[in-house]
Structures are given as structure tokens and as C-alpha cells.
Amino acid sequence: MTAGQIAGLIAAISFLLLVIFIGMFLLKVSRTISEVNSSIRSMTSNVDVIAKQTDKIMATSNTLVKDVDEKLNIVTPVFQAAADLGESVSDLNKATHNLTSKVKDTGKKGATAGIAGTVGRTAWNMFAKHRQAKKNRS
């Protein structure tokens, strides 16, 4: 074998090894792509299931929100009545306070009138006694 034939043999063996390694690499890439495709299919089906469940949840949520809104509309007059009642009680308290103040003032005036009446009665009695005494002297 000549040097050229040995060099050709080495080149052929090197080329064969290169083709084998490229083939193995492409086989691994093919398996990886196959796994990725499988994962994408799985995720797609899972996303579809999640989307359907989300649609159901949204429909249920909409129903619940509508129901709560209707019940809130029913309860709103109760809260308004409670607010009106609170305002009425507040007005009643003010009126009671004003009446109490007037009664206190009237009581003070009545006490003053009672004292004035007693003084007036005493003065009248003294005048009547003085007249009687004057009549008796005459």
C-alpha cells in the first residue's frame, strides 16, 4: 500500500466516522423534537381543558354576581329604612332635649312665680290687716 492509498483510507474512515456522528446527532435531535411535539400536544390538550373549565367558572361567577346584585337590590330598602329610622331617632332626641330645656325653664319661672305669689299674698294679708286695724280704730 502506498502513502496515497493509506491517506485515502484514512480520509474514507474519517468521513465514515463523521457521517456516523452526524447521524447519531440527527437521531438525538429527532428524538428531542419528537418529545417537544409530544409535550406541545399535551399542553394544548391541557390548555383546552383549562379554557373550558375557565368558561364554566366565568359563567358560574356571572350567575353568582347577578344573584348577589339581585339580593342586594332586595336588601337596599332595609338599609334605607334603617338610615331613616336612625334619622328619626336623632330628631326625636333633639326634640326631647328641647322639651326638657323648656320644662326646666318653665320650672324656674314657676318657682319664681310661686315666690312672687307668696310675697304678693303676704303683702295683701298685711294690707288687709292694716285696713282692718284702721277700720277698727275709726
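Residues numbered from 1 in each chain as written. Predicted model: local features only at pLDDT ≥ 70, side-chain atom pairs only at ≥ 80, totals over all residues. Heavy atoms only, no water.

### Examining the overall build of the protein
Along its length, the protein carries 1 helix and 0 strands. Rg of the C-alpha trace for the protein: 56 Å, well past the compact-globule value of 14 Å for 138 residues, more than 25% over. The principal-axis extents of the C-alpha atoms in the protein amount to approximately 190 × 40 × 10 Å. Relative to its 138 residues, the protein shows a buried fraction of 0%. Both charge centroids of the protein, one from 18 positive and one from 10 negative side chains, sit 28 Å from each other. (Helix = DSSP H or I, 4+ residues; strand = E, 2+ residues; numbered from the N terminus. Rg over C-alpha atoms; globule rule 2.2 N^0.38 Å. Buried < 20%, exposed > 50% of the residue type's maximum accessible area, 1.4 Å probe, protein only. Lys, Arg positive; Asp, Glu negative; His and termini not counted. Charge placed at Lys NZ, Arg CZ, Asp CG, Glu CD.)

### Section: a nonpolar patch on the surface
On the surface, Met1, Ile6, Leu9, Ile10, Ile13, Leu16, Leu17, Ile20, Phe21 and Met24 cluster together to form a nonpolar patch covering roughly 1,000 Å² of accessible area. As for its placement among the helices and strands, Ile20 is situated in helix α1 (residues 3–137). What makes Ile20 partly exposed here is its relative accessible area of 41%. (Patch = residues over 30% accessible without salt bridge, like charges linked within 9 Å, V, L, I, M, F, W, Y side chains within 5 Å. Areas by Shrake-Rupley, 256 points an atom, 1.4 Å probe, with all protein chains shown as cover. Salt bridge = Lys/Arg side-chain N within 4 Å of Asp/Glu carboxyl O.)

### Some remarks on the environment of Asp69
With respect to the helices, strands and loops of the structure, Asp69 is situated in helix α1. Measuring from C-alpha to C-alpha, the distance between Asp69 and Ser101 comes to 48 Å, with 32 residues separating the pair along the chain.

### Overview of the environment of Lys102
Inspection of the secondary structure puts Lys102 in helix α1. Owing to a relative accessible area of 57%, Lys102 belongs among the exposed residues under this scheme. The spatial distance from the C-alpha of Lys102 to the C-alpha of Thr54 is 69 Å, given a sequence separation of 48 residues.

Any link to function would need more than the numbers given here.
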